[in-house]
Amino acid sequence: MCLTLPGQIINLKKNAAFIKNNETVQKINISLLPNLQINDWILRINNLAIKQISQKDAQEIIELLEGQKKINLSQINARFRKIIKASNVRCLTKKEIIYLLNIEGPEKEALFSEANIARKTNLKDFICIHGIIEFSNFCQNDCLYCGLRKQNRKLKRYRMSVDETVKTAVKAVKEKGYKLLVLQSGEDSFYTDETLCEIIKKIKEKCKVFILMSVGERGYECYKKMKQAGALGVLSRFETSNPKLFKKLHPTGKNFKNRFKHLKFMKELGYFIATGSLIGLPGQTIEDLADDILMMKKWANMISVGPFIPTAETPLALAPNNAKIKNWKVEMNLKMIAVLRLLMKEVRIPVVTALETSAGEDGRKKALRAGANSLMFNLTPAKYRPFYKIYGNKFYQKENIWEKYGLFKYEESYKMLEQKMTKELEKKNIYA
Ligand code: 5AD
(Lines give C-alpha, C1' and ligand atoms only; values in the text may rest on other atoms or scores of the structure.)
Protein backbone atom coordinates (compact mmCIF):
# COMPACT_ATOMS: atom_id res chain seq x y z
CA MET A 1 0.00 0.00 0.00
CA CYS A 2 1.10 3.54 -0.56
CA LEU A 3 0.67 6.79 1.23
CA THR A 4 0.66 10.03 -0.72
CA LEU A 5 0.90 13.67 0.18
CA PRO A 6 -2.43 15.33 1.05
CA GLY A 7 -3.72 18.45 -0.67
CA GLN A 8 -6.12 21.17 0.46
CA ILE A 9 -8.83 22.27 -1.93
CA ILE A 10 -8.62 25.95 -2.79
CA ASN A 11 -11.23 26.03 -5.55
CA LEU A 12 -13.99 23.85 -7.01
CA LYS A 13 -15.48 23.60 -10.49
CA LYS A 14 -17.91 20.89 -11.66
CA ASN A 15 -16.06 17.57 -11.28
CA ALA A 16 -12.72 19.15 -10.55
CA ALA A 17 -11.00 20.57 -7.53
CA PHE A 18 -7.91 22.69 -7.42
CA ILE A 19 -5.20 22.22 -4.86
CA LYS A 20 -1.96 24.01 -4.26
CA ASN A 21 1.00 21.79 -5.02
CA ASN A 22 4.25 23.50 -4.10
CA GLU A 23 3.87 26.84 -5.82
CA THR A 24 1.60 25.64 -8.66
CA VAL A 25 -2.11 24.89 -8.76
CA GLN A 26 -3.04 21.29 -9.63
CA LYS A 27 -6.36 20.18 -11.09
CA ILE A 28 -7.80 17.10 -9.36
CA ASN A 29 -10.56 14.78 -10.53
CA ILE A 30 -13.05 14.42 -7.65
CA SER A 31 -15.58 12.11 -9.26
CA LEU A 32 -15.10 9.57 -6.44
CA LEU A 33 -15.80 12.24 -3.80
CA PRO A 34 -18.54 14.49 -5.17
CA ASN A 35 -19.36 16.27 -1.90
CA LEU A 36 -16.06 17.96 -1.25
CA GLN A 37 -15.96 21.58 -0.12
CA ILE A 38 -13.38 24.32 -0.35
CA ASN A 39 -10.71 23.92 2.40
CA ASP A 40 -11.27 20.15 2.66
CA TRP A 41 -8.19 17.93 2.65
CA ILE A 42 -7.81 14.98 0.30
CA LEU A 43 -5.40 12.17 -0.47
CA ARG A 44 -4.82 11.61 -4.15
CA ILE A 45 -3.16 9.28 -6.60
CA ASN A 46 -1.76 11.40 -9.38
CA ASN A 47 -4.76 13.56 -10.35
CA LEU A 48 -7.47 11.44 -8.76
CA ALA A 49 -8.85 12.29 -5.32
CA ILE A 50 -9.20 9.04 -3.36
CA LYS A 51 -10.13 9.92 0.17
CA GLN A 52 -11.09 12.87 2.32
CA ILE A 53 -9.13 13.25 5.56
CA SER A 54 -9.16 15.59 8.53
CA GLN A 55 -6.88 18.62 8.71
CA LYS A 56 -5.15 17.15 11.74
CA ASP A 57 -4.28 13.90 9.95
CA ALA A 58 -3.29 15.82 6.83
CA GLN A 59 -0.83 17.82 8.83
CA GLU A 60 0.59 14.71 10.43
CA ILE A 61 1.17 13.12 7.02
CA ILE A 62 2.70 16.30 5.62
CA GLU A 63 5.00 16.49 8.60
CA LEU A 64 6.13 12.91 7.91
CA LEU A 65 6.49 13.16 4.16
CA GLU A 66 7.56 16.70 3.54
CA GLY A 67 10.78 16.38 5.42
CA GLN A 68 13.09 19.15 6.35
CA LYS A 69 13.60 22.33 4.42
CA LYS A 70 16.24 22.39 1.74
CA ILE A 71 19.64 23.36 3.09
CA ASN A 72 21.43 26.07 1.18
CA LEU A 73 24.56 24.48 -0.23
CA SER A 74 26.40 27.76 -0.68
CA GLN A 75 27.36 27.54 2.99
CA ILE A 76 28.73 24.01 2.60
CA ASN A 77 32.28 23.31 1.50
CA ALA A 78 33.26 23.06 -2.17
CA ARG A 79 34.28 19.39 -2.11
CA PHE A 80 30.86 18.39 -0.81
CA ARG A 81 29.10 20.50 -3.45
CA LYS A 82 31.22 18.99 -6.19
CA ILE A 83 30.41 15.43 -5.10
CA ILE A 84 26.69 16.13 -4.91
CA LYS A 85 26.77 17.65 -8.39
CA ALA A 86 28.72 14.67 -9.71
CA SER A 87 26.14 12.26 -8.29
CA ASN A 88 23.63 13.64 -10.79
CA VAL A 89 25.67 12.61 -13.79
CA ARG A 90 27.82 9.64 -12.78
CA CYS A 91 28.39 7.00 -10.14
CA LEU A 92 30.54 8.25 -7.28
CA THR A 93 34.01 6.83 -6.70
CA LYS A 94 34.82 4.84 -3.58
CA LYS A 95 36.87 7.79 -2.33
CA GLU A 96 33.94 10.17 -2.76
CA ILE A 97 31.60 7.76 -1.00
CA ILE A 98 34.05 7.45 1.91
CA TYR A 99 34.16 11.24 2.11
CA LEU A 100 30.35 11.38 2.39
CA LEU A 101 30.24 8.59 4.98
CA ASN A 102 32.69 10.50 7.17
CA ILE A 103 30.98 13.89 7.19
CA GLU A 104 29.34 15.32 10.30
CA GLY A 105 27.53 18.50 11.36
CA PRO A 106 26.01 20.84 8.75
CA GLU A 107 27.43 18.81 5.84
CA LYS A 108 25.69 15.71 7.12
CA GLU A 109 22.40 17.61 7.32
CA ALA A 110 22.99 18.87 3.78
CA LEU A 111 23.58 15.29 2.62
CA PHE A 112 20.23 14.21 4.10
CA SER A 113 18.52 17.20 2.55
CA GLU A 114 19.95 16.47 -0.91
CA ALA A 115 18.92 12.81 -0.68
CA ASN A 116 15.45 13.83 0.42
CA ILE A 117 15.18 16.15 -2.57
CA ALA A 118 16.32 13.30 -4.86
CA ARG A 119 13.60 11.07 -3.38
CA LYS A 120 10.91 13.68 -3.82
CA THR A 121 11.99 14.60 -7.34
CA ASN A 122 12.20 11.04 -8.59
CA LEU A 123 9.59 9.21 -6.57
CA LYS A 124 7.14 12.04 -5.97
CA ASP A 125 5.44 11.97 -2.63
CA PHE A 126 4.74 8.29 -2.33
CA ILE A 127 5.75 6.12 0.57
CA CYS A 128 5.10 2.41 0.10
CA ILE A 129 4.33 0.07 2.95
CA HIS A 130 5.29 -3.57 2.67
CA GLY A 131 4.82 -6.47 5.06
CA ILE A 132 7.01 -9.28 6.31
CA ILE A 133 5.84 -12.68 7.58
CA GLU A 134 8.44 -14.70 9.46
CA PHE A 135 7.11 -18.21 9.01
CA SER A 136 9.90 -20.26 10.67
CA ASN A 137 12.73 -19.46 13.06
CA PHE A 138 14.54 -22.76 12.57
CA CYS A 139 17.95 -22.29 10.99
CA GLN A 140 20.63 -24.76 10.04
CA ASN A 141 23.36 -22.09 10.01
CA ASP A 142 25.58 -20.63 12.66
CA CYS A 143 26.21 -17.05 11.54
CA LEU A 144 28.04 -15.44 14.46
CA TYR A 145 25.80 -12.37 14.61
CA CYS A 146 22.36 -13.95 14.38
CA GLY A 147 20.12 -14.99 17.25
CA LEU A 148 18.46 -17.68 15.10
CA ARG A 149 21.77 -19.57 14.77
CA LYS A 150 21.47 -23.30 15.20
CA GLN A 151 23.64 -23.37 18.31
CA ASN A 152 21.29 -21.06 20.16
CA ARG A 153 19.55 -23.82 22.06
CA LYS A 154 17.75 -21.41 24.36
CA LEU A 155 15.50 -20.12 21.61
CA LYS A 156 12.06 -21.66 21.39
CA ARG A 157 11.59 -22.66 17.77
CA TYR A 158 8.41 -22.49 15.70
CA ARG A 159 7.25 -23.33 12.23
CA MET A 160 4.08 -22.07 10.61
CA SER A 161 2.20 -24.58 8.48
CA VAL A 162 1.44 -23.97 4.83
CA ASP A 163 -2.17 -23.13 5.66
CA GLU A 164 -1.27 -20.75 8.48
CA THR A 165 1.28 -18.93 6.32
CA VAL A 166 -1.15 -18.66 3.42
CA LYS A 167 -3.94 -17.48 5.72
CA THR A 168 -1.71 -14.81 7.31
CA ALA A 169 -0.63 -13.52 3.91
CA VAL A 170 -4.11 -13.49 2.38
CA LYS A 171 -5.50 -11.68 5.42
CA ALA A 172 -2.82 -9.01 5.12
CA VAL A 173 -3.69 -8.47 1.48
CA LYS A 174 -7.48 -8.66 1.70
CA GLU A 175 -8.06 -6.95 5.03
CA LYS A 176 -5.22 -4.49 5.22
CA GLY A 177 -4.36 -4.01 1.60
CA TYR A 178 -0.72 -5.06 1.51
CA LYS A 179 0.50 -5.43 -2.04
CA LEU A 180 4.03 -6.66 -1.42
CA LEU A 181 4.93 -9.30 1.14
CA VAL A 182 8.26 -10.75 2.18
CA LEU A 183 8.08 -14.37 3.36
CA GLN A 184 11.09 -14.97 5.58
CA SER A 185 12.53 -17.88 7.56
CA GLY A 186 15.84 -19.17 8.81
CA GLU A 187 17.49 -21.59 6.42
CA ASP A 188 15.10 -24.41 7.13
CA SER A 189 15.13 -27.50 4.93
CA PHE A 190 12.06 -28.83 6.71
CA TYR A 191 10.22 -26.89 4.00
CA THR A 192 10.92 -28.66 0.73
CA ASP A 193 11.10 -26.70 -2.52
CA GLU A 194 7.62 -28.04 -3.26
CA THR A 195 6.25 -26.81 0.07
CA LEU A 196 7.59 -23.30 -0.54
CA CYS A 197 6.09 -23.36 -4.04
CA GLU A 198 2.78 -24.53 -2.61
CA ILE A 199 2.73 -21.54 -0.23
CA ILE A 200 3.47 -19.12 -3.07
CA LYS A 201 0.90 -20.66 -5.41
CA LYS A 202 -1.86 -20.78 -2.81
CA ILE A 203 -1.35 -17.13 -1.87
CA LYS A 204 -1.29 -16.05 -5.51
CA GLU A 205 -4.45 -18.06 -6.24
CA LYS A 206 -6.31 -16.27 -3.49
CA CYS A 207 -5.16 -12.68 -3.96
CA LYS A 208 -3.18 -10.23 -6.04
CA VAL A 209 0.15 -9.64 -4.32
CA PHE A 210 3.86 -9.45 -5.04
CA ILE A 211 5.86 -12.03 -3.09
CA LEU A 212 9.53 -11.73 -2.13
CA MET A 213 11.12 -14.90 -0.73
CA SER A 214 13.77 -14.63 1.98
CA VAL A 215 14.72 -18.23 2.71
CA GLY A 216 18.49 -18.32 2.27
CA GLU A 217 20.77 -20.25 -0.02
CA ARG A 218 18.72 -23.09 -1.46
CA GLY A 219 20.35 -23.50 -4.86
CA TYR A 220 19.33 -22.76 -8.43
CA GLU A 221 16.60 -25.37 -8.83
CA CYS A 222 14.66 -24.13 -5.82
CA TYR A 223 14.76 -20.52 -7.01
CA LYS A 224 13.74 -21.57 -10.50
CA LYS A 225 10.73 -23.43 -9.12
CA MET A 226 9.72 -20.58 -6.80
CA LYS A 227 9.87 -18.14 -9.70
CA GLN A 228 7.65 -20.41 -11.75
CA ALA A 229 5.29 -20.71 -8.79
CA GLY A 230 4.82 -16.95 -8.87
CA ALA A 231 7.43 -15.35 -6.60
CA LEU A 232 8.45 -11.95 -7.89
CA GLY A 233 11.58 -11.33 -5.89
CA VAL A 234 14.07 -12.35 -3.27
CA LEU A 235 15.39 -10.68 -0.15
CA SER A 236 18.91 -11.94 0.31
CA ARG A 237 21.57 -9.80 1.93
CA PHE A 238 25.21 -10.31 1.08
CA GLU A 239 25.85 -9.04 4.67
CA THR A 240 29.30 -7.60 3.86
CA SER A 241 31.25 -7.08 0.65
CA ASN A 242 34.51 -7.84 2.46
CA PRO A 243 35.28 -11.55 1.84
CA LYS A 244 37.62 -11.81 4.82
CA LEU A 245 35.06 -10.34 7.19
CA PHE A 246 32.38 -12.58 5.66
CA LYS A 247 34.56 -15.60 6.42
CA LYS A 248 35.07 -14.51 10.03
CA LEU A 249 31.34 -14.08 10.54
CA HIS A 250 30.50 -17.38 8.89
CA PRO A 251 33.26 -19.77 10.00
CA THR A 252 31.11 -22.75 8.99
CA GLY A 253 28.41 -23.45 6.47
CA LYS A 254 28.43 -20.25 4.42
CA ASN A 255 30.72 -19.01 1.77
CA PHE A 256 31.09 -15.64 0.14
CA LYS A 257 31.28 -17.00 -3.40
CA ASN A 258 28.12 -19.03 -3.02
CA ARG A 259 26.23 -15.94 -1.78
CA PHE A 260 27.12 -14.07 -4.94
CA LYS A 261 26.53 -17.12 -7.08
CA HIS A 262 23.00 -17.04 -5.71
CA LEU A 263 22.54 -13.36 -6.44
CA LYS A 264 23.81 -13.95 -9.98
CA PHE A 265 21.40 -16.73 -10.85
CA MET A 266 18.56 -14.99 -9.05
CA LYS A 267 19.14 -12.02 -11.35
CA GLU A 268 19.33 -14.30 -14.38
CA LEU A 269 16.05 -15.92 -13.38
CA GLY A 270 14.49 -12.47 -13.48
CA TYR A 271 13.99 -11.96 -9.77
CA PHE A 272 13.47 -8.52 -8.27
CA ILE A 273 16.45 -8.37 -5.93
CA ALA A 274 16.46 -6.89 -2.47
CA THR A 275 19.92 -7.02 -0.98
CA GLY A 276 22.32 -5.17 1.26
CA SER A 277 24.54 -5.37 4.28
CA LEU A 278 24.91 -5.00 8.02
CA ILE A 279 26.38 -1.80 9.44
CA GLY A 280 28.77 -1.74 12.39
CA LEU A 281 29.99 -5.33 12.38
CA PRO A 282 33.08 -5.95 14.52
CA GLY A 283 36.15 -5.29 12.39
CA GLN A 284 34.20 -3.54 9.61
CA THR A 285 35.67 -0.31 8.24
CA ILE A 286 34.23 2.72 6.44
CA GLU A 287 36.02 1.44 3.33
CA ASP A 288 34.02 -1.79 3.65
CA LEU A 289 30.79 0.19 3.89
CA ALA A 290 31.70 2.18 0.78
CA ASP A 291 32.26 -1.15 -1.02
CA ASP A 292 28.89 -2.34 0.28
CA ILE A 293 27.25 0.68 -1.31
CA LEU A 294 28.91 -0.02 -4.65
CA MET A 295 27.90 -3.67 -4.36
CA MET A 296 24.28 -2.69 -3.78
CA LYS A 297 24.47 -0.36 -6.75
CA LYS A 298 25.46 -3.38 -8.80
CA TRP A 299 22.85 -5.84 -7.57
CA ALA A 300 19.88 -4.22 -5.92
CA ASN A 301 16.40 -3.36 -7.13
CA MET A 302 15.59 -2.79 -3.49
CA ILE A 303 17.98 -1.96 -0.68
CA SER A 304 18.18 -3.64 2.68
CA VAL A 305 20.70 -2.09 5.06
CA GLY A 306 20.47 -2.03 8.81
CA PRO A 307 22.63 -1.73 11.91
CA PHE A 308 24.14 -4.83 13.47
CA ILE A 309 22.62 -5.29 16.94
CA PRO A 310 24.70 -7.47 19.31
CA THR A 311 22.47 -10.29 20.40
CA ALA A 312 22.34 -12.56 23.45
CA GLU A 313 23.22 -16.23 22.94
CA THR A 314 25.52 -15.43 20.02
CA PRO A 315 29.33 -15.25 19.94
CA LEU A 316 29.02 -11.53 19.18
CA ALA A 317 26.71 -10.80 22.13
CA LEU A 318 29.36 -8.64 23.74
CA ALA A 319 30.77 -7.12 20.58
CA PRO A 320 32.19 -3.75 21.56
CA ASN A 321 30.51 -0.67 20.27
CA ASN A 322 33.86 0.67 19.19
CA ALA A 323 32.58 3.97 17.84
CA LYS A 324 33.13 7.09 19.89
CA ILE A 325 30.12 8.90 18.47
CA LYS A 326 26.76 8.33 20.14
CA ASN A 327 24.33 6.54 17.86
CA TRP A 328 27.15 5.90 15.41
CA LYS A 329 25.39 2.99 13.70
CA VAL A 330 22.11 4.83 13.32
CA GLU A 331 23.81 7.90 11.90
CA MET A 332 25.93 5.74 9.58
CA ASN A 333 22.80 3.90 8.45
CA LEU A 334 21.17 7.25 7.63
CA LYS A 335 24.25 8.42 5.73
CA MET A 336 24.32 5.16 3.78
CA ILE A 337 20.65 5.54 2.87
CA ALA A 338 21.35 9.10 1.69
CA VAL A 339 24.34 8.10 -0.45
CA LEU A 340 22.40 5.15 -1.90
CA ARG A 341 19.56 7.48 -2.80
CA LEU A 342 21.97 9.82 -4.59
CA LEU A 343 23.41 6.87 -6.53
CA MET A 344 20.13 5.13 -7.25
CA LYS A 345 17.45 7.73 -7.65
CA GLU A 346 14.51 5.38 -8.12
CA VAL A 347 15.45 2.34 -6.09
CA ARG A 348 13.20 1.14 -3.28
CA ILE A 349 14.80 1.85 0.09
CA PRO A 350 12.80 0.57 3.05
CA VAL A 351 13.38 1.60 6.64
CA VAL A 352 14.32 -1.74 8.20
CA THR A 353 13.21 -2.92 11.63
CA ALA A 354 16.78 -3.03 12.97
CA LEU A 355 17.09 0.70 12.31
CA GLU A 356 13.78 1.37 14.03
CA THR A 357 14.90 -0.82 16.93
CA SER A 358 18.16 1.10 17.27
CA ALA A 359 16.75 4.58 16.66
CA GLY A 360 13.19 4.29 18.03
CA GLU A 361 10.05 5.69 16.38
CA ASP A 362 12.00 8.74 15.30
CA GLY A 363 14.25 6.54 13.17
CA ARG A 364 11.50 6.11 10.63
CA LYS A 365 11.04 9.83 10.13
CA LYS A 366 14.77 10.41 10.00
CA ALA A 367 15.28 7.66 7.43
CA LEU A 368 12.50 8.97 5.19
CA ARG A 369 14.10 12.38 5.40
CA ALA A 370 17.44 10.88 4.42
CA GLY A 371 16.05 9.36 1.22
CA ALA A 372 14.26 6.14 2.24
CA ASN A 373 10.89 5.64 0.58
CA SER A 374 9.24 2.61 2.06
CA LEU A 375 8.42 0.89 5.31
CA MET A 376 8.38 -2.76 6.27
CA PHE A 377 5.69 -3.74 8.77
CA ASN A 378 5.86 -6.98 10.68
CA LEU A 379 2.85 -9.20 10.00
CA THR A 380 4.05 -12.34 11.78
CA PRO A 381 1.25 -13.61 14.05
CA ALA A 382 1.77 -12.07 17.51
CA LYS A 383 2.22 -15.44 19.23
CA TYR A 384 5.39 -16.16 17.20
CA ARG A 385 6.95 -12.70 17.18
CA PRO A 386 8.88 -12.98 20.44
CA PHE A 387 10.69 -16.02 19.02
CA TYR A 388 11.91 -14.51 15.76
CA LYS A 389 14.89 -13.18 17.65
CA ILE A 390 17.43 -12.35 14.99
CA TYR A 391 18.30 -9.72 17.60
CA GLY A 392 16.67 -8.73 20.88
CA ASN A 393 14.05 -6.10 21.72
CA LYS A 394 12.71 -5.87 18.21
CA PHE A 395 10.69 -2.80 17.40
CA TYR A 396 7.05 -3.29 16.41
CA GLN A 397 5.05 -0.50 14.90
CA LYS A 398 1.59 0.22 16.18
CA GLU A 399 -1.44 0.54 13.96
CA ASN A 400 -1.14 4.12 12.95
CA ILE A 401 -1.63 6.68 10.28
CA TRP A 402 0.20 4.51 7.77
CA GLU A 403 -2.27 1.69 7.88
CA LYS A 404 -5.17 4.06 8.34
CA TYR A 405 -4.50 6.00 5.19
CA GLY A 406 -2.41 3.72 3.02
CA LEU A 407 -4.23 3.82 -0.30
CA PHE A 408 -4.61 0.12 -0.20
CA LYS A 409 -8.22 -0.49 -0.94
CA TYR A 410 -7.81 0.66 -4.44
CA GLU A 411 -6.92 -1.19 -7.57
CA GLU A 412 -4.97 1.93 -8.57
CA SER A 413 -2.56 1.25 -5.76
CA TYR A 414 -1.78 -2.25 -7.13
CA LYS A 415 -1.46 -0.97 -10.68
CA MET A 416 0.84 1.79 -9.53
CA LEU A 417 3.10 -0.69 -7.77
CA GLU A 418 3.06 -2.99 -10.80
CA GLN A 419 4.22 -0.15 -13.03
CA LYS A 420 6.91 0.81 -10.58
CA MET A 421 8.17 -2.73 -10.12
CA THR A 422 8.43 -3.24 -13.87
CA LYS A 423 10.40 -0.05 -14.14
CA GLU A 424 12.60 -0.97 -11.20
CA LEU A 425 13.21 -4.43 -12.64
CA GLU A 426 14.37 -2.90 -15.88
CA LYS A 427 16.78 -1.02 -13.62
CA LYS A 428 17.68 1.68 -16.01
CA ASN A 429 21.20 2.62 -15.13
CA ILE A 430 21.22 6.36 -15.51
CA TYR A 431 24.98 6.43 -15.83
CA ALA A 432 25.21 3.72 -18.50
N1 5AD B 1 21.50 -7.45 14.06
C2 5AD B 1 20.94 -6.92 12.97
N3 5AD B 1 20.57 -7.63 11.89
C4 5AD B 1 20.79 -8.97 11.92
N5 5AD B 1 20.55 -9.94 11.02
C6 5AD B 1 20.95 -11.11 11.53
N7 5AD B 1 21.43 -10.92 12.79
C8 5AD B 1 21.35 -9.60 13.04
C9 5AD B 1 21.71 -8.78 14.15
N10 5AD B 1 22.26 -9.30 15.25
C11 5AD B 1 20.04 -9.69 9.66
C12 5AD B 1 20.96 -10.29 8.60
C13 5AD B 1 20.06 -11.21 7.83
C14 5AD B 1 18.69 -10.70 8.16
C15 5AD B 1 17.60 -11.67 7.98
O16 5AD B 1 18.79 -10.29 9.49
O17 5AD B 1 21.46 -9.25 7.77
O18 5AD B 1 20.30 -11.22 6.45
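Just so it is clear, the model here is predicted, and its values are computed rather than measured.

Chemist: Help me out: how do you make sense of the side chain of Asn373 in this one?
Modeler: For Asn373, the location among the structural elements is in the loop between α13 (361-369) and β16 (374-378). Taking relative accessible area as the criterion, Asn373 reaches 6% and is therefore assigned buried. A polar contact is formed between the side chain of Asn373 and the side chain of Arg341, at a distance of 3.3 Å. A polar contact of 2.7 Å, which involves the side chain of Asn373, links it to the backbone nitrogen of Ile349. Other than its neighbours up to four places away in sequence, Asn373 contacts Arg119, Leu123, Phe126, Ile127, Cys128, Arg341, Val347, Arg348, Ile349 and Leu368.

Chemist: What should I look at first to understand the packing of aromatic side chains in this one?
Modeler: Two numbers describe a pair of aromatic rings. These are the distance of the centres and the angle of the planes. If you walk through the whole model with that rule in mind, you get ten aromatic pairs. Aromatic side chains Tyr223 and Phe265 sit 6.2 Å apart centroid to centroid with 50 degrees between the ring planes, which places their arrangement in the tilted category. Of this pair, Tyr223 sits in helix α7 (residues 219-229) while Phe265 sits in helix α9 (residues 256-268), and the two are 42 residues apart along the sequence. When sorted by exposure, Tyr223 lands in the same class as Phe265, which is buried. Ring centres of Phe260 and Trp299 lie 6.2 Å apart, and the angle between their planes is 50 degrees; this geometry places the pair in the tilted category. One end of the pair, Phe260, is in helix α9; the other, Trp299, is in helix α10 (residues 286-299), and 39 residues separate them in sequence. Each member of the pair, Phe260 as well as Trp299, carries the same accessibility label: buried. Members of the aromatic cluster, connected to one another through ring pairs, are Phe238, Phe246, Phe256, Phe260 and Trp299. The lysine or arginine in question, Arg79, covers the ring of Tyr99, its NZ or CZ lying 4.5 Å from the ring centre. Directly above the ring of Tyr271 sits Lys227, whose terminal nitrogen or CZ lies 5.7 Å from the centroid.

Calculation rules
Residues numbered from 1 in each chain as written. Predicted model: local features only at pLDDT ≥ 70, side-chain atom pairs only at ≥ 80, totals over all residues. Heavy atoms only, no water. Helix = DSSP H or I, 4+ residues; strand = E, 2+ residues; numbered from the N terminus. Buried < 20%, exposed > 50% of the residue type's maximum accessible area, 1.4 Å probe, protein only. Polar contact = N/O pair within 3.5 Å; in protein donor to acceptor, adjacent residues only side chain to side chain. Contact = heavy atoms within 4.5 Å. Phe/Tyr/Trp six-rings, centres within 6.5 Å; stacked < 30°, edge-to-face > 60°. Lys NZ or Arg CZ within 6 Å of the ring centre and 35° of its normal.

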